[in-house]
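Residue strings, one per chain:
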Amino acid sequence: MSDKKIHRRTLLGGAATAAVILVQSSFGKMLQKAIPESAFTPGDPTKVTGPLPGPLGTRSPFEHPVKTTSLTSSRTPLQSLYGVITPADLHFERHHAGVPAIDPYKHELLVHGMVEKPMIFSLADLKKLPAVSRICFLECSGNFRTGKETMTPQDICGLTSQSEWTGVMLSTLFREVRVKPKATWFLAEGSDAAVMSRSIPVKKGFEDAMIVYAQNGEALRPEQGYPMRLLIPGWEGNTSVKWIRRMELSDQPFMTREETSKYTEPIGDGKIRQFSFDMDARSIITYPAYPVQLERGWVEIRGIAWSGRGKVDQVEISTDAGKNWHKARLQDPVLDKAHTYFRYLWQWNGQETEIMSRVTDETGYLQPTFKQLSDARGGSKGGYHFNPVTAWRVKRDGQVLLSPDNI
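Residues numbered from 1 in each chain as written. Predicted model: local features only at pLDDT ≥ 70, side-chain atom pairs only at ≥ 80, totals over all residues. Heavy atoms only, no water.

A.B. asks: Would you explain the overall build of the protein chain in this entry?
C.D. replies: When you go through the protein chain residue by residue, the secondary structure sums to six helices and 26 strands. Counting every position in the protein chain, which comprises 407 residues, the buried fraction comes to 49%. Relative to all contacts within the protein chain whose residues are 6 or more apart in sequence, the contacts with residues 24 or more apart total 69%. Working note: accessible area of the protein chain is about 20,300 Å², and carbon and sulfur atoms make up 52% of it. (Helix = DSSP H or I, 4+ residues; strand = E, 2+ residues; numbered from the N terminus. Buried < 20%, exposed > 50% of the residue type's maximum accessible area, 1.4 Å probe, protein only. Contact = heavy atoms within 4.5 Å. Areas by Shrake-Rupley, 256 points an atom, 1.4 Å probe, with all protein chains shown as cover.)

See below:
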């Protein structure tokens, strides 16, 4: 045996100068990316002075959660998160014409139509008004995807995220412009190239809608509507119009493209449902889920549940393919129209089974099964508002896959 020390580089194969990880390009393609050895912690961190304080914090090079992307959206890695607040850079995105570049010093919000006093608000004007912060989720109404058993929670329903939003109550602006009593709808119009526009009932505007300019303690990111966006808690995400520039008050809906040819869904018998604003109660187990490999013994099943109609009342877990259900423990605080984290301790005996969760919200609504939803819509899942119970099959070898019943 030699006393000569073996250099780390020799152990790595002589010429190795970097680690290689897989990352996803903006179009969803997996690419190799080299990380210099210097990015990793030395063998004994107590012997080497670390980097000095910097202007921005960074993630450890050993942690690299990423969104999965397409040409129009990107999905939050739900299975990689802890708790209910989504880091701003991992918040899902849904765009209709890309992300506009907007100068906050020139951007303005016009409020007009059936009002006594039409007004224009700059970002500075909004920040002079009483500010409010609230935690709530956003979810795209098309937040459902299936097709194969090798799908993660991110793949299935990663078009939902949660933040602390800060801005001005829309009711404050409505009082400033003095909305006329006969005004029942308002048009929210964005500054993107698609000029995204939706009709919103004035009642909801007065109830809890906001014009927000900050997210998780910092200014909105461009992908989330910088410098200002509309926030409609509990309603389908596209009603929370980003990069908002205009609101017009009226006594009827405006019948925009996004509420006629889009964002409607079949409900059977040749009927189409329109203005289905509320996001129905939903839950999903984020661990264990594909591609986890389980070992026999105690497992903490965990995930998130939410409802656009109020608070989560209870989450139930089945570990025997839906034959029996047991209450999960909810993590406080349980907030209105917000993601709620749940946990359930389970002892897996090594036998093949299916695990699933279902949520009941404070209105008594119980999350339906895939079959119940499909049957209610004439055998079709439709394009929007599909919120089925999601089941994971645990195989004897510990592999966790999406249940065939959800494909």
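A.B. asks: Would you take a moment to explain the pattern of salt bridges for this structure?
C.D. replies: Note that side chains of opposite charge can pair when their charged atoms are close. Under the definition given, this model contains 25 salt bridges. A salt bridge links E236 to R198, with the nearest nitrogen and oxygen atoms 3.0 Å apart. Of the two residues, E236 sits in the loop between β14 (229-231) and β15 (244-250) while R198 sits in strand β11 (residues 197-201), which places them 38 residues apart along the sequence. As far as burial versus exposure is concerned, E236 and R198 are alike and both buried. For R343, the salt bridge is made with E300, and the minimal N-O distance between the two is 3.7 Å. Here the residue R343 occupies a position in strand β23 (residues 340-348), and E300 occupies one in strand β19 (residues 297-306), the gap between them amounting to 43 residues. Residues joined in a network through salt bridges with shared partners are R134, K204, E207, D208, D336 and K337. (Salt bridge = Lys/Arg side-chain N within 4 Å of Asp/Glu carboxyl O.)

A.B. asks: Explain the pairing of β23 here, please?
C.D. replies: Consecutive side chains of a regular strand alternate in pointing toward one face of the sheet and then the other. Direction of pairing for β19 relative to β23: antiparallel, over a ladder of nine bridges. By the bridge assignment, E300 is partnered in β23 with L345. One ladder, built from two bridges, connects strand β22 (residues 329-330) with β23; its direction is antiparallel. Opposite L330, over in β23, you have F342 as the bridge partner. (Pairing = 2+ DSSP bridges.)

A.B. asks: What's the story with empty space enclosed by the protein in this structure? I'm lost.
C.D. replies: Empty space among the atoms becomes apparent when a probe as large as a water molecule is rolled across them. Throughout the structure, instances matching the rule amount to three cavities of 30 Å³ or more. In this model, the largest cavity occupies a volume close to 240 Å³. In terms of lining, the largest cavity is formed by 19 residues, of which the most central are R94, R229, G237, N238 and K242. Class assignment for the residues of the lining of the largest cavity results in seven nonpolar, seven polar and five charged. A volume near 90 Å³ is recorded for the second largest cavity. Residue lining of the second largest cavity: L78, L81, G83, V84, I85, T86, T286, I304, H339 and Y341, and that is the complete set. (1 Å grid on protein atoms, 1.4 Å probe; cavity = no way out; pocket = protein on both sides within 12 Å on 5 of 7 lines; lining within 4 Å. Points joined across faces, edges and corners; volume = space filled by probe spheres on them. Nonpolar A, V, L, I, M, F, W, Y, C, P; charged D, E, K, R; others polar.)

A.B. asks: Help me understand the pairing of strand β20 (residues 312-318) in this model?
C.D. replies: By the criterion of burial, β20 is predominantly enclosed, with six of the seven residues buried. Relative to strand β24 (residues 353-361), β20 is paired through six bridges, and the arrangement is antiparallel. In the sheet register, Q314 faces β24, and the bridge partner there is T360. The pairing of β20 with strand β21 (residues 326-327) spans two bridges and is classified as antiparallel. In the sheet register, I317 faces β21, and the bridge partner there is H326.

A.B. asks: Mind showing me how you'd approach the nonpolar core here?
C.D. replies: Nonpolar side chains in soluble globular proteins tend to end up buried together. Ranked by internal contacts, the top residues of the largest apolar core, which has 34 residues, are L173, F186 and I211. Counting residues per element, this core draws most heavily on helix α4 (residues 170-177), which supplies four residues. In terms of nonpolar packing, the next biggest core, distinct from the first, is built from 32 residues, V292, V299, W306 and Y341 among them. (Core = buried A, V, L, I, M, F, W, Y, C linked by side-chain atoms within 4.5 Å.)

A.B. asks: Can you walk me through the environment of L109 in this structure?
C.D. replies: With respect to the helices, strands and loops of the structure, L109 is situated in strand β6 (residues 108-113). For L109, a relative accessible area of 0% translates into the label buried. For the pair L109 and M228, spaced 119 residues apart in sequence, the C-alpha to C-alpha distance is 8.8 Å. Excluding residues that lie within four positions of it along the chain, L109 makes contacts with M119, I120, F121, L173, I211, M228, I244, R245, R246 and M247.

A.B. asks: Before we go on, may I ask you to explain the side chain of T152 in this structure?
C.D. replies: In this fold, T152 is placed in the loop between β8 (132-139) and α3 (153-157). Given the relative accessible area of 11%, T152 is considered buried. Not counting residues within four places of it along the chain, the set of residues in contact with T152 comprises Q79, Y290, P291 and W392.

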